Amino acid sequence: MTIDTWVSLAALLGVLVALGGLTIGQTRSLRSDLKGDVARLEAKVDDHRSESKADIAGLRDELKADLAETRSELKADLAAVRSELKADLAAVRSELKADLAETRSELKAEIGRLDDRVYALAAGLRPRIEGAPSAASGE
């Protein structure tokens, strides 16, 4: 081999070493860029995750407050209905008591009239009953 061949081989070897170094350098640069991009993406994902957690917690608190408010409104409505029912029942009870008292007094009056009639009948028939055995003995 001649010196020109050796020089050409050395030049080729130098170019290969230079290209290998550049390739390794570019690979390292790309690797560090990718690591930085991944770190930024992870940070964004973490930020979004924390925002989502905060939003969910806020919604949960709002729902709890709404449920508590609805529950208290329902309790108040039920208490109002209960008091109305009690008032209505009291009114119906007093009406029934009045009706029963009126019916009782009517029954007492009717029984009194019947008692008077029976007494009048008994008083009016007494002479006839007393006279009936003597008339029977005369026959």
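I will try to describe carefully the structure that is included in this document. Everything numeric in this text was worked out from a predicted model, so none of it was measured.

**Side note on the overall build of the protein**
Counting its regular elements, the protein contains one helix and zero strands. Taken over 139 residues, the protein has a buried fraction of 0%. Of the accessible surface of the protein, which amounts to about 12,600 Å², a share of 63% is contributed by carbon and sulfur atoms.

**Observations concerning the pattern of salt bridges**
Two side chains that carry opposite charge are able to pair once their charged atoms sit near each other. Throughout the structure, instances matching the rule amount to three salt bridges. Residues Arg-40 and Asp-37 are paired through a salt bridge, measuring 2.0 Å at the closest nitrogen-oxygen approach. You can see Arg-40 and its partner Asp-37 sitting in helix 1 (residues 3-138), three residues apart, about one turn around the helix. What makes Arg-40 exposed here is its relative accessible area of 52%. The residue Glu-110 makes a salt bridge to Arg-113 at a minimum N-O spacing of 1.9 Å.

**Points about a negative patch on the surface**
On the surface, Asp-61, Glu-62, Asp-66, Glu-69, Glu-73 and Asp-77 cluster together to form a negatively charged patch. Assignment of secondary structure puts Asp-61 in helix 1.

Each value, and the rule that gives it
Residues numbered from 1 in each chain as written. Predicted model: local features only at pLDDT ≥ 70, side-chain atom pairs only at ≥ 80, totals over all residues. Heavy atoms only, no water. Helix = DSSP H or I, 4+ residues; strand = E, 2+ residues; numbered from the N terminus. Buried < 20%, exposed > 50% of the residue type's maximum accessible area, 1.4 Å probe, protein only. Areas by Shrake-Rupley, 256 points an atom, 1.4 Å probe, with all protein chains shown as cover. Salt bridge = Lys/Arg side-chain N within 4 Å of Asp/Glu carboxyl O. Patch = residues over 30% accessible without salt bridge, like charges linked within 9 Å, V, L, I, M, F, W, Y side chains within 5 Å. Lys, Arg positive; Asp, Glu negative; His and termini not counted. Charge placed at Lys NZ, Arg CZ, Asp CG, Glu CD.

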